[in-house]
Structures are given as C-alpha cells and as structure tokens.
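Chain residues, written in single-letter form:
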Amino acid sequence: MSEPSADHILAGLNDEQMAAVTSSAEVLCIRAGAGSGKTRVLTRRIAHGAATDALDPRRVLALTFTRKAAGELNHRLRQLGLRQSAAAGTFHSIALAQLRQRWDEQGERAPTLLDRKVGFVARLLPRTSHDRTTPLDVVGEIEWAKARRILPEKYSAEAEAADRKPPFSGDVIARIYEDYEQTKAKRNLIDFDDILILCGRTLQRDRSAAAAFRWKFRHIFVDEFQDVNPLQFALLKMFVGDEPDLCVVGDSRQAIYAWNGADSSYLDNFEDHFPGAVTVSLRQNYRSTPEILSCASAVLPKHDSLVPTQASGPTPTIRTHARGDVEARAIARELRNAHSSSRRWSDMAVLVRTNAQVVLMSELCGELGVPVHARTDRKLLDRPEINDALDEMRTAPTLELALNDLSTKLANSADDDPVEVDEGADDHRSLVEAFIRLGRDHLAVDPAATVQSFVSALKTGATDLMNAPGDAVDITTFHAAKGLEWDIVHVAGMERGLSPIGHAKTPEALEEEHRLVYVALTRARKKLHLHWAQERLFGDRVSNRNPSPMLDVIAAASRGEDPRSRRKGAARHASNAKKNLRAKNGGKAESRVPDDDPILVALKSWRSSVAKANDVPAFVVFHDSTL
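On a predicted model such as this, the values are computed, not experimentally measured, just so you know. (Residues numbered from 1 in each chain as written. Predicted model: local features only at pLDDT ≥ 70, side-chain atom pairs only at ≥ 80, totals over all residues. Heavy atoms only, no water.)

S.K.: I would appreciate a short explanation of the pairing of strand 1 (residues 27-32) in the present structure.
M.R.: One face of the sheet, then the other: side chains in a regular strand alternate in exactly this way. Counting buried residues in strand 1 gives five out of six residues, a clear majority hidden from the surface. Two strands pair when backbone bridges link them, and strand 1 and strand 7 (residues 246-250) are joined in this way by five bridges, in the parallel orientation. For V27, the partnering residue across the bridge sits in strand 7 and is L246. (Buried < 20%, exposed > 50% of the residue type's maximum accessible area, 1.4 Å probe, protein only. Helix = DSSP H or I, 4+ residues; strand = E, 2+ residues; numbered from the N terminus. Pairing = 2+ DSSP bridges.)

What follows is the structure, encoded as structure tokens:
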C-alpha cells in the first residue's frame, strides 16, 4: 500500500477541520465540540503531517486516557494508509515504559506496582467502627490529592477549600495519607500516581534522559485534554520541554471529572500556559439533530451552541411517571416498540446518573423481554458493598436464607424518618437491594441454588445475569456513556437529587452536573426522551421527587424558546412571588393551600389544558408550589 497523498487525507473536511489539520502552528489547541469529528481531525493531522514531511510518524506520541482510545487512534491511522504507526498510549503506560527502560539501564531493582490499594489502606485506618466502603472512600481522597499534587500536610486545608466530604476529618485523612506513603516506600511499592511522579522527577533531574525522550517523541498529541489533572499536566510539560511541538484536543463542555482531580482550566487557559499557541474551534456537529442540540445547549447557556448539520428530527420529549418502577417499565415498552428489522437493540440506550440505577433499570427491562447490556462505572463484584454482602452470605446454609438475612439487616439499617432521600448518597444501599433481587431471580431459575453456585454464576456470567449476549440495549451511567452515541437515547431519573446529584452543593459542582447532563443529551443522534418519576422506592421508604431544574430550560428549548431569557424571567417572577408571599404571611415563606381549594383546582385544570396543548408536562407550565 502506498502512502496516502495530502489531497486524499484532506478530502471531505469542512473549513474548520481543514484549518486544524493543515495548521503550521507548533503548538495548537483544537476546541472540538461533541460530534464535531475530533478523532478524525487528530488522526488526519498526523497523517497529513507525515504526507507533507512536516513530521515523522515514528516520532509521534499520542496520549489518551484509555487503551481503547489509543487502539482506535492507531486503527484510524492504518485506515488512512499510514505505514509507520505512531506511538499511542495512556499517560501511565508511557511513563511506566520510560521508567522500566531507565531501571534496566541503571541496573536498579524495579519497585512493585501496588494495583490493589483498598486492602492496603484498610490496614492503616483508625480502629474505629467503619463500614466496608470506608477504605475505598479513603483511597479516593488519596488519589484526588495526588492527582492535584497535594502533599499530606496540605490535604486538610485543600480538601476543605474544595468542599470534599471525606469519611474522616481532614487531619485523620492526612495522617492516613502520610502513613500510606511511608509504608509504600518501606516496602518498595509504587501506585499508579507514583508512576507519573517518578517519571516527571526523572526527566527533571536527568537532562540526558529528558533530551532522549524529547528526541524520540518530537511531536506530541493529547486527546480529551479537558480531563487532564495537575499531575498529568506537570508531566506533559516535562515531556515537551522548552521547545514544544504539541497539539491538544478537548471540549470544556464535556469536562466531567473534576471530582477525580481533573482541571479543565488547562484547556480554557491554554494560551496562558503556552504563549503563542494557535487555537482552532470545531463547531459543526455531525451527530445530532438540531432539536437535540438545542436542548443540550440550553443546559449550558454560557457556552456557544454547536452548529447542526443533520436534518431536522422529532422534538425531544419529557415524560412524567408516577413511580420509578413505572418509569422503567414505560422505557422498556418504548424500547420494545422501537425495535424492528431496521433498528437494532444496540442502536438504543438508557442513560442514568448512578450505578444503582443501572442495575435496577436493567432488571426491570429484562422482565419485559428487552435484552440489555449493563455498563457500570465498576464491575458488580468489584464493589466493596457487594463483597461485604457476599462475606455475610457465605455462612448461611442456603441461598434463600442468606438473602432473607441480608434483606432483614438492610431493612433494620434504614433511617426511621429520613428527611430527604438522595439517591446519589444511597447508591451503596440501592446496589445491595438490587443484588438481593438478582439472587432471588437466580433462585427462581434454580430453587436448589446455594450461595456458592450463585457466586459462580456472578463470576462466569457476571450477571451478566443481566447482560444479554449479542445485540442488546446499552444501559449505562452518564460518565460511562462519554464517547459513545446511539440513534435513540432515553435519559431516566431527571430529578433533583439525581440530576443534579444531591451532594453537589457548590457552584463548581453544580456546573459539572450541568456538563454531565449535556454529555448525556449529546449522545443521541435521532431521538431523545427524558424521564422523571414523582416517587421512588428506597428499600421500604418512599421518596417524593421533584423534577430537575434543568428540565425547565430543556422544555423551553424544545418549544423553540430562548432558554436564557426564560431562565432570567422565571427567576425574576419567582423572586417577586416569594416576596409577595412573605408579605402576606408575616414574613413566612410558605402557606399551605388545601388541595380542594376551588381556586387551586381551577388553576390545575387550566395548567393541564395548557400542558396538553403544548405537549409538555404540567410542571413546565407551573409547579404545584407555584400554583
């Protein structure tokens, strides 16, 4: 196969993509919106550089955040006819390769990689009562701190400033963090964050090693740059040195990992970090209909809207359901009705905010004969709460007794009078409840099942008792959906406490929740359906729910209104209404109106007729509290 010509590589690109691919800038920032063809542009920039002798593909390093993304990039380059494959890998894999080479050259004993930190950290915790998930939460705090380049002595102040919610006080976490680092050092262990730290330190201290690296990898490309954390950025600066040849691609609208240490300001302020850099924006969206893009843009009114290129399609819908199980069954029926000889199950997806919702939605869809593939952020058997449940079950003589005991213990642990149920905070509990139901499903198939046979089924099919082989509907979290797309997308659980999640209190956290919903909405190519339930069941508790505040602007956008003006108007009217209400009630903000009040009944009747005429839920016209 001959090398591709420059004209062949540029064929089919729009003007913005062409500018990004052909730019002669040594430092280039490509701001690529959802569905704008960022991978296409990244690979063609590499291929075009090779075709025009602007770069040597053997000296290209493409940094990604997953091995899958690295493989996809090289696959695209081979499709373009590039003979010499570029080096592509994650920050960690590239850094570890450099360290291993150095250790071999220096004849040093390589440290052992600590890839299972939870048990290691558990032995360092205070001897106080804590549950099985506490070590995992502590590991999360340590990883966040190391990603942010925060030393143990600075942890407490930095965590408080970031409004972190650790399982112990900041001082206690700091002591555990310090013990963790010292114990690793004594045992010649390193964790994944240490790989980046050690590689950066080596390049900083050893000029010859740094020069060799920069000669070998003269041209560096970084994908999903909005997800870079301070530790990765510091390493990137060491990679490129004082004469960078760098191209980054990212979208700050899809920055959804700040909770894990990522910092999208490196993308937003790229020119400050690399003076003289050139920026190109990709604004044309090739994925979604104009109607879907309009609703997604309404969630992030401060950002410029993408330009649609697809033909107009159906208006996105918002559906209200009486209960969570009713919502799930309604979605399952819609999926079943949409499936046909021309539309595969895998062309459709259900997106939810939490892992617990994935399990519950999968179970209820399966009951109605919809094959599903459940994608959670972590495997079910890797969850510490599930392992804790299995430990308790192993002593029971039968699976049925084990499940009954576990169910009883879970019911007894519930709060007697919860003020507000936050499904994000209840994720652990909800997963155990779903796990119990999976056990009962297993018993229905095999009444003589033992705990061990159930565990074997989990390991082999990995309930994947709930994962159908072959063609199936994807059910996944908003986070896990990033980078994927489907013809039809159902977004479930659009309620306060889920979207935005209940523990998001700061302006920064709430902005990230909006970006997360934006990511979910922009996964849809042709049809988008949003759902919320008025009640959800948590064990034996019934939680009354309220619609997500984002649904208001999404509904306005679906009707062709400017969501920004609607947001301002709604805020002004709400403020005036509250002031008037306080004045009438001696300064009190609430006044209970009987449900059978004739004026209230008349208002609800009027609201219902307006909602039906506009094909929107009643709450979009006015919420009950407003009436």
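S.K.: Explanation requested: the nonpolar core in the structure shown.
M.R.: Nonpolar side chains tend toward joint burial in soluble globular proteins. Ranked by internal contacts, the top residues of the largest apolar core, which has 36 residues, are V222, F225 and L236. Top contributing element to this core by residue count: helix 12 (residues 230-240), with seven residues. When near neighbours in sequence (up to four residues on either side) are disregarded, F225 contacts F233, L236, V248, V249, G250, Y266, L267 and F270. One finds A34, I256, A298 and L530 within the second-largest nonpolar core, a separate group that totals 35 residues. (Core = buried A, V, L, I, M, F, W, Y, C linked by side-chain atoms within 4.5 Å. Contact = heavy atoms within 4.5 Å.)

S.K.: What is the right way to read the sheet that holds strand 13 (residues 372-375) from this model?
M.R.: To summarise the sheet geometry, strands pair through backbone hydrogen bonds and adopt either a parallel or an antiparallel arrangement. Taken in spatial order, the six strands line up as 11-16-15-12-14-13 in an open sheet, and their pairing is parallel. Either end of the sheet is taken by a strand with one partner, and the two such strands are strand 11 (317-321) and strand 13. Direction aside, the axes of adjacent strands within the sheet are offset by 20 degrees on average. The sheet contact formed by strand 15 (residues 486-491) and strand 16 (residues 524-533) spans five bridges and is parallel. Bridging across to strand 16, V489 finds its partner in L528. Packed on one face of the sheet, helix 17 (residues 355-367) meets strand 12 (348-352), strand 13 and strand 14 (473-477) and runs near 155 degrees to strand 14. Lying over the sheet, helix 23 (residues 507-521) contacts strand 12, strand 15 and strand 16, oriented at roughly 130 degrees with respect to strand 16. (Axes fitted to C-alpha atoms, helices over the stretch in contact; angles between N-to-C directions.)

S.K.: Even after reading the chapter, I still don't get the environment of F270, so can you show me in this structure?
M.R.: The residue F270 is located in helix 14 (residues 270-273) in this model. Excluding its chain neighbours within four sequence positions, the residues that come into contact with F270 are V27, L28, C29, F225, L246, V248, S265 and A277.

S.K.: Please explain unusual backbone geometry as it appears in this structure.
M.R.: When glycine is set aside, most residues are seen to have a negative phi, and most peptide bonds are trans. The step from S499 to P500 runs through a cis peptide bond, and the omega angle for that step is 10 degrees. By secondary structure assignment, the location of P500 is in the loop between strand 15 and helix 23. The phi torsion at D163 lies on the positive side, around 60 degrees, for a residue other than glycine. Following the sequence through the fold, D163 ends up in the loop between helix 8 (152-161) and helix 9 (170-186). Even without a glycine there, the phi angle at N188 is positive, about 55 degrees. If you trace the backbone, N188 turns up in the loop between helix 9 and strand 5 (189-190). Taking the relative accessible area as the measure of exposure, N188 reaches 25% and is therefore partly exposed.

S.K.: Honestly, the sheet that holds strand 7 in this entry has me stumped. Any pointers?
M.R.: The strand order 3-2-6-7-1-8 describes an open sheet built from six strands, whose pairing is parallel. Edge positions in the open sheet fall to strand 3 (87-90) and strand 8 (278-282), since each of these has one partner strand only. Taking each pair of neighbouring strands and ignoring which way they run, the sheet shows an average axis angle of 15 degrees. Where strand 2 (residues 60-64) lies against strand 3, four bridges are found, and the strand directions are parallel. Looking at strand 3, one finds that L61 is bridged to A87. Sheet strands touched by helix 2 (residues 15-22): strand 1 and strand 8. Its angle to strand 8, the strand with the most contacts, is close to 150 degrees. Relative to strand 6 (residues 219-222), helix 12 is tilted by about 160 degrees, and along the sheet it contacts strand 2, strand 6 and strand 7.

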